Amino acid sequence: MKCPYCGNPEQRVLDSRPTRDELAIRRRRECMGCERRFTTFEQVERPRLFVVKRDGAREEFYREKILAGMVTACRKRPVAHDVLREIAERIERDLFDEFEPEVTSQQVGDRVMEALLELDQVAFVRFASVYQDFESASDFRSVVDSVRKITKKIPIIASGNPS
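Residues numbered from 1 in each chain as written. Predicted model: local features only at pLDDT ≥ 70, side-chain atom pairs only at ≥ 80, totals over all residues. Heavy atoms only, no water.

## Observations regarding the overall build of the protein chain
And then number 1: The helix and strand inventory of the protein chain stands at five helices and six strands.
And then number 2: Seen in sequence order, the protein chain has helices and strands lined up from the N terminus as β-β-β-β-β-α-α-β-α-α-α.
And then number 3: Taking 2.2 N^0.38 as the reference for a compact globule, 163 residues should give roughly 15 Å; the C-alpha atoms of the protein chain span a radius of gyration of 24 Å, well beyond that estimate.
And then number 4: Seen along its three principal axes, the alpha-carbon backbone of the protein chain occupies a region of about 75 × 50 × 25 Å.
And then number 5: Counting over 163 residues, the protein chain shows a buried share of 30%.
And then number 6: Excluding contacts between residues fewer than 6 apart, the proportion of contacts in the protein chain whose partners are at least 24 apart in sequence is 41%.
And then number 7: For the protein chain, the exposed area adds up to about 11900 Å²; of that, 48% sits on carbon and sulfur atoms.
And then number 8: Across the protein chain, 30 positive and 29 negative side-chain charges occur, with their mean positions spaced 4 Å apart. (Helix = DSSP H or I, 4+ residues; strand = E, 2+ residues; numbered from the N terminus. Rg over C-alpha atoms; globule rule 2.2 N^0.38 Å. Buried < 20%, exposed > 50% of the residue type's maximum accessible area, 1.4 Å probe, protein only. Contact = heavy atoms within 4.5 Å. Areas by Shrake-Rupley, 256 points an atom, 1.4 Å probe, with all protein chains shown as cover. Lys, Arg positive; Asp, Glu negative; His and termini not counted. Charge placed at Lys NZ, Arg CZ, Asp CG, Glu CD.)

If you want it as structure tokens, here you go:
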């Protein structure tokens, strides 16, 4: 690394400490040539993951895009934004662990739908209607029927005491 003032490649580190989020290290340096001080940040280089779309196009994976889709699906639903952020982070982590360097958009969408089904059925149907490109009311009916079948298998505890 060169000094940003004189271009000298030699410097010494005066101080190192983690950033607030602890995802990087802040280093205070002094140039051995001009003796001016400057700050650098060192962080782990994250691997890149690309999403292969249905038409074959590739784009870089962004957790924010998943989060935005879930926020839209959960609009006016009793779902906390922090819960959606945690789900998006979990999906991102799982995808990076499982599919490097590429994942299909279907694999991403399926993970989101699975998470939304467990979280909120209305949000699940909303997301499915966009993700699966519904064209008629029968498409909605078929998804709602499948949700009903799945939820019959899950024991539902009535409000109040679960005893």
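That was the structure; now back to the text.
## Regarding the pattern of salt bridges
And then number 1: Applying the stated criterion to the full structure yields 13 salt bridges.
And then number 2: One salt bridge in this structure joins Glu-102 and Arg-58, with 2.6 Å as the shortest N-O distance. One end of the pair, Glu-102, is in strand 6 (residues 102-104); the other, Arg-58, is in strand 5 (residues 58-60), and 44 residues separate them in sequence.
And then number 3: In this structure, the salt-bridge partner of Glu-89 is Arg-63, at a minimum N-O distance of 3.8 Å. (Salt bridge = Lys/Arg side-chain N within 4 Å of Asp/Glu carboxyl O.)

## Thoughts on the sheet that holds strand 6
And then number 1: The sheet built from three strands is open, its strands ordered 5-4-6 with mixed pairing. Of all strands in the sheet, those with a lone pairing partner are strand 5 and strand 6, marking the two edges. Each strand of the sheet is rotated relative to its neighbour by a mean of 35°, with strand direction disregarded.
And then number 2: Pairing of strand 4 (residues 50-52) with strand 5, which is carried by three bridges, proceeds in the antiparallel orientation. (Pairing = 2+ DSSP bridges. Axes fitted to C-alpha atoms, helices over the stretch in contact; angles between N-to-C directions.)

## Some details on the sheet that holds strand 2 (residues 24-31)
And then number 1: Taken in spatial order, the three strands of this open sheet run 1-2-3, and their pairing is antiparallel. Both outer strands of the open sheet, strand 1 (11-18) and strand 3 (37-43), are each paired with one neighbouring strand and no more. If you compare each strand with its neighbour and ignore which way they point, the axes differ by 25° on average.
And then number 2: Of the pairings in the sheet, the one linking strand 1 to strand 2 comprises seven bridges and is antiparallel in character. From the neighbouring strand, Asp-15 faces strand 2, where its bridge partner is Arg-28.

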